[in-house]
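Here's the letter readout for the chains.
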Amino acid sequence: MASNQFLTLNSGHKMPIIGLGTWNASDQEVEASIDAALEVGYRHIDTAPVYRNEKAIGRVLKRWLDAGKVKREELFIVTKLPTFANRASDVEATIKKSLADLQLDYVDIYLIHSPVSSVANADGSLKLDADGLMVPDLEADITTTWTAMEKLVPSGLAKSVGVSNFDQEQLERVLKVAKIPPATNQIEHHVYLQQRDLVNFCKAKGIVVTAYSPLGSNGRNKVYASAGINRELPNLFDIPEVKEIAAAHGKTPAQVLLRWIVDNGIVIIPKSLNRERLKQNLNVFDFKLTTEEVAKLSALDQNFRICDWCLLPGAQRHPEYKF
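Report follows, based on the coordinates. For every chain, the first residue of the written sequence is number 1, and numbering continues from 1 along that sequence. Residues qualify for local features only when their pLDDT is at least 70, as the model is predicted, and side-chain atom pairs are given and counted only at 80 or more; totals for whole chains, interfaces and linings, by contrast, use all residues. Side-chain descriptors were evaluated using all non-hydrogen atoms of the structure, hydrogens and water having been removed beforehand.

**Topic: the packing of helix α8 (residues 240-249) against helix α11 (residues 291-298)**
Angles run from 0 to 180 degrees between N-to-C directions of axes, and those axes are lines fitted to C-alpha atoms, restricted for helices to the stretch in contact. In DSSP terms, a helix is any run of H or I states spanning at least four residues, a strand is any run of E spanning at least two, and both are numbered starting from the N terminus. Orientation of α8 relative to α11, taken along the N-to-C sense of each, is 155 degrees, at an axis distance of 10 Å. Here α11 runs roughly antiparallel to α8, going by the angle between their axes. The hand of the α8/α11 crossing is left-handed. Contacts between α8 and α11 pair Val242, Glu244, Ile245, Ala248 and His249 from the former with Glu293, Lys296 and Leu297 from the latter. Each angle gets one of four labels, with under 35 degrees taken as roughly parallel, over 145 as roughly antiparallel, 65 to 115 as roughly perpendicular, and the rest as oblique. In a left-handed crossing the near helix is turned counterclockwise from the far helix by less than a right angle, and in a right-handed crossing that turn is clockwise. We call two residues contacting when some pair of their heavy atoms lies within 4.5 Å.

**A short note on the packing of aromatic side chains**
Ring pairs (aromatic) are described by centroid distance and by the angle formed between their planes. In summary, the pairing rule links any two rings of Phe, Tyr or Trp, Trp by its six-membered ring, whose centres are within 6.5 Å, and it sorts them by plane angle into stacked for under 30 degrees, edge-to-face for over 60 and tilted for everything else. Under the defined criterion, the tally for this structure stands at 1 aromatic pair. Plain terms: the ring middles of tyrosine 321 and phenylalanine 323 are 5.2 Å apart, the flat faces sit at 70 degrees to each other, and that makes the pair edge-to-face. Burial status follows relative accessibility: with a 1.4 Å probe on protein chains alone, a residue under 20% of its type maximum counts as buried, one over 50% as exposed, and anything between as partly exposed. Tyrosine 321 sits in the buried class, given a relative accessible area of 17%. On the basis of relative accessible area, phenylalanine 323 is assigned to the partly exposed category, the value being 29%. Between the NZ or CZ atom of arginine 72 and the centre of the ring of tyrosine 106, over which it lies, the distance is 4.0 Å. Only lysine NZ and arginine CZ atoms are considered, and such an atom sits over a ring when it is within 6 Å of the ring centre and within 35 degrees of the ring normal.

**With respect to α8**
Every buried residue of α8 is accounted for by Val242, Ile245 and Ala246. Along the axis of α8, the buried residues cluster in a sector spanning 100 degrees; they form a single face. Exposed residues lying more than 90 degrees from the buried face of α8 are Pro240, Ala247 and Ala248. The inward-facing, buried residues of α8 contact α9 (253-262) and α11. Looking at the residues trailing α8, positive phi occurs at glycine 250, about 65 degrees. Note that the arc is defined by the directions from the helix axis to the C-beta atoms.

**A short note on the nonpolar core**
Tyr110, Met149, Val191 and Leu297 are the most contacted members of the largest nonpolar core, which totals 83 residues. For this core, the element with the most residues is α9, which contributes 7 residues. For this analysis, a nonpolar core means a set of buried residues of the types Ala, Val, Leu, Ile, Met, Phe, Trp, Tyr and Cys, connected via side-chain atoms within 4.5 Å.

**Re the environment of glycine 41**
Within the secondary structure layout, glycine 41 lies in the loop between α1 (27-40) and β3 (44-46). Take glycine 41: its relative accessible area is 4%, and that puts it in the buried class. For glycine 41 and glycine 19, which are 22 residues apart along the polypeptide, the C-alpha to C-alpha distance reads 10.0 Å.

**A look at the side chain of lysine 80**
Summarising the element assignment, lysine 80 is placed in strand β4 (residues 76-81). Among the polar contacts made by the side chain of lysine 80, one reaches the side chain of aspartate 46 at a distance of 2.7 Å. The definition of a polar contact used here is a pair of N or O atoms within 3.5 Å, where within protein one atom must be able to donate a hydrogen and the other to accept one, and adjacent residues in sequence count solely through side-chain atom pairs. Here the side chain of lysine 80 touches threonine 47 through a polar contact of 2.6 Å, landing on its backbone oxygen.

**Let's talk about the pairing of strand β8 (residues 208-212)**
Within β8, 5 of the 5 residues are buried, which leaves the element mostly enclosed by the surrounding structure. Residues Val208, Thr210 and Tyr212 line one face of β8 and the alternating positions Val209 and Ala211 line the opposite face, and both faces are buried. Note: strand β7 (residues 184-188) against β8, 5 bridges, orientation parallel. Bridge pairing in β8 links threonine 184 to valine 208. After leaving β7, the chain enters helix α6 (residues 196-204) and then returns to the sheet as β8, a path that is right-handed. Two strands pair when backbone bridges link them, and β8 and strand β9 (residues 267-268) are joined in this way by 2 bridges, in the parallel orientation. By the bridge assignment, threonine 210 is partnered in β9 with valine 267. Strand pairing requires that DSSP identify at least two bridges connecting the strands. Here the term right-handed applies to a crossover when the path leading from its first strand over the helix to its second strand runs clockwise, the strands being oriented away from the viewer.

Written out as structure tokens, the structure is:
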């Protein structure tokens with residue numbers, strides 16, 4: 001059951017509408033998850049240097065490519081420019097480091113991970129001030145960084161380029177200087193955070209929206225607790241309307257939540273380490289939500305942000321922080 005549903009980017013390349021998110025997992029878990037995902041049909045894999053798993057993903061991809069189990073052109077690999085490398089002068093060296101770790105000659109799309117920029121220590125770790133807060137890089141500029149991102153396409157290092165966590169005003173600034181417009185804007189998007197105005201703006205400009213945390217992020221509760229952050233997150237699977245619709249179709253709550261998003265023409269990158277759930281998340285095209293069910297799900301919007309950047313204390317001081 002290979003993933004065979006695509007959206008066409010403004011660059012002309014096709015992007016699988018379902019991909020695999022890989023944040024917050026050990027190398028061993030990531031390798032097992034990527035292996036299982038490729039086996040059940042995933043071809044779109046999303047990563048980033050800050051996830052610290054590009055080398056693990058690269059090992060799996062190399063095994064599959066060397067064994068002839070998959071062709072490079074069948075894969076769609078996404079990685080990102082980290083916040084501590086948001087200056088234009090950092091772009092080329094940073095993508096080359098990611099490519100070396102992924103053991104690839106190019107990525108299918110390279111994203112600016114965030115408009116918020118940070119300062120790094122010499123060892124690449126995040127520089128913190130005396131209060132333990134992130135030191136913002138106030139010299140990085142998203143428009144000059146975008147110009148450097150565009151150069152990755154003719155150089156062959158990236159097939160397409162895009163952004164992540166950008167709001168409408170930030171996108172407008174980029175579009176004013178862009179010779180190559182962003183192919184996608186990867187944002188948090190689910191029934192509790194629908195960001196309709198931003199989604200509609202992106203669509204009007206030909207920018208495909210990619211939804212991260214499309215199922216919420218139940219694993220974040222553990223991450224927050226381990227970081228001493230007291231914040232309880234909702235479980236989207238327990239929403240009564242979602243459970244009711246899932247029961248009506250003989251599907252899981254996750255499948256209902258994902259189907260609702262892809263029906264809106266939005267790419268999804270749910271994460272799972274479980275083989276059966278990987279298959280379920282890919283298998284969302286054999287049922288159809290009714291008009292009434294779509295309306296029920298659309299009415300659930302609470303403007304509730306799960307990924308609120310509290311794991312990056314001090315980010316709020318940066319002028320590009322718009323969350």
